[in-house]
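# Structure at a glance
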Number of protein chains: 4
Amino acid sequence: MDFRFETRVRVRFAETDAQAIAHHSVYLVWFELARIEYLERFRGGYPGLRETGIEALTTEVHVRYLVPARFDDRLAVKVRAGDLRGARFRFEYLVEREGEALADGWTAHACVDARTHRPTRVPGWLADEIATAEG
Amino acid sequence: MDFRFETRVRVRFAETDAQAIAHHSVYLVWFELARIEYLERFRGGYPGLRETGIEALTTEVHVRYLVPARFDDRLAVKVRAGDLRGARFRFEYLVEREGEALADGWTAHACVDARTHRPTRVPGWLADEIATAEG
Amino acid sequence: MDFRFETRVRVRFAETDAQAIAHHSVYLVWFELARIEYLERFRGGYPGLRETGIEALTTEVHVRYLVPARFDDRLAVKVRAGDLRGARFRFEYLVEREGEALADGWTAHACVDARTHRPTRVPGWLADEIATAEG
Amino acid sequence: MDFRFETRVRVRFAETDAQAIAHHSVYLVWFELARIEYLERFRGGYPGLRETGIEALTTEVHVRYLVPARFDDRLAVKVRAGDLRGARFRFEYLVEREGEALADGWTAHACVDARTHRPTRVPGWLADEIATAEG
């Protein structure tokens, strides 16, 4: 299975730790960057989603670390949207350095009404556009 | 199954995000705090492990977010060691606020020689002490 | 000049960088922790201030780094409130490890109305209580 | 006085806080990005400097926050090198959003031998190249 979209990140010095590798928590920040850039191709993207009164919460994350990333490494964070069902959606990720897989993972999300924090469906236009993009 | 050890954390303002909740990446930092405090009961703990020339790498993480944590919340991060097999070990976590479960998760780790980065067994004394603590 | 209040912090592994020292940006997070704990002695403290519709913005920071802090170091972050004038106030800090000064600095802040973001006076009760505490 | 070099950054969601603005500590991370990109034009830059056995420590920072930055803002972090004297050097910064100044500041640094941590001169080639770049 392949990825049609990727975000480029470069390992920041502040993201390294005393093992001289990127701290494992930072991958979740990179996944988020990739997810937000992925979404921004669609009608204002994530900021646009927030303006319609919908917040997307992260409900679950999973990361497998294969090879450490180091300061100043240029990485590709590949991302694709997975199942979109009602209020829930999912993204999958692959972090590569010059074609070598450093990590992979997935995140699950739920749309909630920004005011009531009740679950709300993923807007139809977004579901449709993602289905088209990934189809 | 229950937890015999916990670390207390308090949500820092810098850990919140524009949703006014603790950013989901921060839970990995809290897990790490709990894991390090857990280990420090044993012969110098994680700093001690590093001094013997062993680094513990994080190889996999999983978090489920149930209820958001907010600025200044006092949290209990419960932790227990799981399977210890050869070079690999695992921890499980439960984040609670006044008895309410906010998140749970687990992390997997591998011991490597700090110089060669080759896998190396979890030191016997540590495996024994953890087995006793959790037994 | 001396400090009557301090917050204890312990250097987190995630706060270290590839120089194996606490990253210099983290001191601002520690200053914030110390400032918030300082304020919490007064009527609900910073969360209480926010509930009255006042936000405190950070308008200026200064840090001098004297000796690096390392993973797992136990630090005292000493703090005192300085000038309180109209909408503006200031804090001073000293970071110590077993009595040795590692860093010092100050931060300046302004109170704004949370809705309009216009400057608003530091509430009288807070100014009075700080004056008493530091007097 | 003007800047000849700038780095582009985009405010990450993880960099915002519960005031819905970029947390003030993050500017030091952006300054660092700008400084490292500035240096990378010269013989391998900061990674190159580290490979010659020299570490650059941050000894002092100062930031003035004028206007908050928000999630997804595209910022220019302008940077220039200042005084280079012996082991010490200095950088100045200006953070802009579409030409509007959001913050400014400076950082001071010292070169140390990576092994002994003793002060060591800024390498002549680097001092010369910076002087040429800024001259």
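Higher on the page you've got the structure.
Residues numbered from 1 in each chain as written. Chains lettered and ligands numbered in written order. Predicted model: local features only at pLDDT ≥ 70, side-chain atom pairs only at ≥ 80, totals over all residues. Heavy atoms only, no water.

## What about the packing of aromatic side chains?
Convention followed: What counts as a ring pair is set by centres within 6.5 Å for rings of Phe, Tyr and Trp (its six-membered ring), and what kind of pair is set by the plane angle: stacked under 30 degrees, edge-to-face over 60, tilted for all other angles. Only DSSP runs of H or I reaching four residues or more are called helices, and only runs of E reaching two or more are called strands; each is numbered from the N terminus. When accessible area is computed with a 1.4 Å probe and restricted to protein chains, residues below 20% of their type maximum are described as buried, those above 50% as exposed, and intermediate ones as partly exposed. Criterion for a charge above a ring: Lys NZ or Arg CZ within 6 Å of the ring centre, and within 35 degrees of the ring normal.
Counting across every chain of the model gives 40 aromatic pairs over all chains. Taken together, a centroid distance of 5.1 Å and an interplanar angle of 90° make the contact between Phe 13 of chain A and Phe 71 of chain A edge-to-face. Pair noted here: Phe 13 of chain A is in the loop between strand S1 (5-10) and helix H1 (26-39) and Phe 71 of chain A is in the loop between strand S2 (54-65) and strand S3 (74-85), with a separation of 58 residues, a long-range link. Like Phe 71 of chain A, Phe 13 of chain A is buried. The interplanar angle of 80° and the centroid separation of 5.9 Å between the aromatic rings of Phe 13 of chain A and Tyr 46 of chain D together place this pair among those described as edge-to-face. Here the residue Phe 13 of chain A occupies a position in the loop between S1 and H1, and Tyr 46 of chain D occupies one in helix H2 (residues 45-51), the pair thus bridging two chains. Assigned by exposure class, Phe 13 of chain A and Tyr 46 of chain D land together as buried. Of the aromatic side chains, those joined through ring pairs into one cluster are Phe 5, Tyr 38, Phe 42, Phe 89 and Phe 91 of chain A. The residue whose ring lies beneath Arg 80 of chain C is Phe 3 of chain C, and the NZ or CZ to ring-centre distance is 4.0 Å.

## Some words on the interface of chain A and chain B
The condition is simple: The contact criterion used throughout is that any non-hydrogen atoms of two residues lie within 4.5 Å. By convention, the term buried area covers the 1.4 Å-probe accessible surface removed from two parts as they join, with the contributions of both added. One speaks of a salt bridge when a side-chain nitrogen belonging to Lys or Arg is within 4 Å of a carboxyl oxygen belonging to Asp or Glu.
The interface is formed by 26 residues belonging to chain A together with 26 residues belonging to chain B. Interface of chain A and chain B: buried area, both sides summed, is about 2,000 Å²; carbon and sulfur atoms make up 52% of it. When residues of chain A are sorted by the area they lose upon contact with chain B, Gln 19, His 24 and Tyr 65 of chain A head the list and together hold 26% of the total. One can count zero salt bridges joining chain A with chain B. Elements with a minimum of two residues in the side of chain A that touches chain B: H1, helix H2 (45-51) and S2 of chain A. In terms of residue count, S2 of chain A provides more of the side of chain A that touches chain B than any other element does, 11 residues in total.

## Digging into the sheet that holds strand S5 (residues 100-113) of chain B
Using the following cut-off: Strand pairing requires that DSSP identify at least two bridges connecting the strands. Note on definitions: angles span 0 to 180 degrees between N-to-C directions of axes, and those axes are lines fitted to C-alpha atoms, for helices only across the stretch in contact.
Strands sit in the order S1(A)-S3(A)-S4(A)-S5(A)-S2(A)-S2(B)-S5(B)-S4(B)-S3(B)-S1(B) across an open sheet of 10 strands; the sheet is antiparallel. The open sheet is flanked by S1 of chain A together with strand S1 (5-10) of chain B, the only strands paired with a single partner. Sheet twist, expressed as the mean angle between neighbouring strand axes with direction ignored, is 25°. Taken together, the six bridges between S1 of chain A and S3 of chain A define a ladder with antiparallel strand orientation. In the strand pairing of S3 of chain A, Arg 8 of chain A is matched with Ala 76 of chain A.

## Quick notes on the relation of the copies chain C and chain D
Both copies of the chain are placed relative to one another by a rotation about an axis and a shift along it. Here is the rule: Copy-to-copy superposition: least squares on the C-alpha atoms, limited to residues that have pLDDT of at least 70 in both copies.
With an RMSD of 0.0 Å, the operation that places chain C on chain D is a rotation of 180° combined with a shift of 0.0 Å along the axis. Accordingly, the operation relating the two chain copies is best matched by a two-fold axis. Residue His 62 of chain C, judged by its C-alpha, is the member of chain C lying nearest the rotation axis, at 2.2 Å. Of the residues that chain C buries at the interface, 100% are likewise interface residues in chain D, meaning the two copies contact each other through the same surface.

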